[in-house]
Amino acid sequence: AQAAAGVTPNTLGALQIVVAPDRQGSGISAVMVGAFRAIARERGFGAVIACVRPNLKARYPLMPMADYVAWRRPDGLPFDAWLRVHARAGGEIVRVAPESMRIDGSLAQWHEWTGLEFPISGPYVVEGGLAPLEADVAADRATYLDANVWVIHRL
């Protein structure tokens, strides 16, 4: 609607950066964040906003995302490596999106996807998940809600 109304964009949206496992830790993520910032500046945008899925959060799936995001190292930088990349580049964490992705499925589907059995209703830790999967045996359903973090880079 804004484009149709002639409103000029002022923010670049960075939706995803993926680094191959064998290249992680080599500094590519910082280069990519820098590239997003440079492209935004070239085009006259005032900011880059990034949807970030913290890469170490899966080690702490029982910790609420808001608490995880607030976790700091002694040097004051975020505990999470991906969030540190953004912080070092000048990004500011603006909010947690608690339901950025929702995956619903039957218990049979979740068994197929995870190999887990669901004998009772309640939370289950799923490998690679940032939060527990919630199973409801009576309804034969399980739901996974994946959170992310919005980071803004004001230019």
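Residues numbered from 1 in each chain as written. Predicted model: local features only at pLDDT ≥ 70, side-chain atom pairs only at ≥ 80, totals over all residues. Heavy atoms only, no water.

## Some words on the pattern of salt bridges
Phase 1: Throughout the structure, instances matching the rule amount to 4 salt bridges.
Phase 2: Residue D146 is joined to R53 by a salt bridge in which the shortest nitrogen-to-oxygen separation is 2.8 Å. Taken together, the residues span a long stretch of sequence, with D146 in strand β6 (residues 141-154) and R53 in the loop between β2 (47-52) and α2 (65-70) at a distance of 93 residues.
Phase 3: Residue classification places D146 among the buried positions, given a relative accessible area of 3%. (Salt bridge = Lys/Arg side-chain N within 4 Å of Asp/Glu carboxyl O. Helix = DSSP H or I, 4+ residues; strand = E, 2+ residues; numbered from the N terminus. Buried < 20%, exposed > 50% of the residue type's maximum accessible area, 1.4 Å probe, protein only.)

## Remarks on the layout of surface pockets
Phase 1: Counted as a void, the largest pocket has a volume near 760 Å³.
Phase 2: Lining the largest pocket are 35 residues, with I17, V18, R53, N55 and W82 sitting closest to its centre.
Phase 3: Broken down by element, the lining of the largest pocket gets its largest block of residues, 6 residues, from helix α1 (residues 28-42).
Phase 4: Residues of the lining of the largest pocket, tallied by class, amount to 20 nonpolar, 11 polar and 4 charged.
Phase 5: Reported here for the second largest pocket is a volume of approximately 200 Å³.
Phase 6: Around the second largest pocket, the lining comprises 16 residues; the ones closest to its centre are P98, A131, P132, L145 and D146.
Phase 7: Going through the elements one at a time, β3 (92-106) and β6 are the ones with two or more residues in the lining of the second largest pocket. (1 Å grid on protein atoms, 1.4 Å probe; cavity = no way out; pocket = protein on both sides within 12 Å on 5 of 7 lines; lining within 4 Å. Points joined across faces, edges and corners; volume = space filled by probe spheres on them. Nonpolar A, V, L, I, M, F, W, Y, C, P; charged D, E, K, R; others polar.)

## Quick word on helix α3 (residues 81-88)
Phase 1: Considered for burial, the residues of α3 that qualify are W82, L83, R84, V85 and H86.
Phase 2: Here the buried face of α3 lies against α1, β2, α2, β3 and β6.
Phase 3: The N-cap residue of α3 is D80: its side-chain oxygen and the backbone nitrogen of W82 are 3.0 Å apart.
Phase 4: Downstream of α3 by a residue or two, G90 has a phi angle that is positive, lying close to 105 degrees. (Contact = heavy atoms within 4.5 Å. Polar contact = N/O pair within 3.5 Å; in protein donor to acceptor, adjacent residues only side chain to side chain.)

## A look at the packing of α1 against α3
Phase 1: Viewed as axis vectors pointing N to C, α1 and α3 meet at an angle of 45 degrees, and their least axial separation amounts to 10 Å. Classified by the interaxial angle, the pair formed by α1 and α3 is oblique. Relative to α3, the crossing made by α1 is right-handed. Between α1 and α3, the residues in contact are S29, A30 and V33 and W82, V85 and H86, respectively. (Axes fitted to C-alpha atoms, helices over the stretch in contact; angles between N-to-C directions. Parallel < 35°, antiparallel > 145°, perpendicular 65-115°, else oblique. Left-handed = near helix turned anticlockwise from the far one by under 90°.)

## Looking at unusual backbone geometry
Residues apart from glycine generally show negative phi values, whereas peptide bonds are mostly found in trans.
Phase 1: Although it is not a glycine, D140 sits at a positive phi angle of roughly 55 degrees.
Phase 2: Of note, D140 is situated in the loop between β5 (133-136) and β6.

## Topic: the environment of D75
Phase 1: When you line up the elements, D75 lands in the loop between α2 and α3.
Phase 2: Classification of D75 by relative accessible area gives partly exposed; the value is 49%.
Phase 3: In this structure, the C-alpha to C-alpha distance between D75 and V33, residues 42 residues apart in sequence, is 21 Å.
Phase 4: Polar contacts involving the side chain of D75 include one to the side chain of R73, which spans 2.4 Å.
Phase 5: A distance of 3.0 Å separates a polar atom in the side chain of D75 from the backbone nitrogen of L77.

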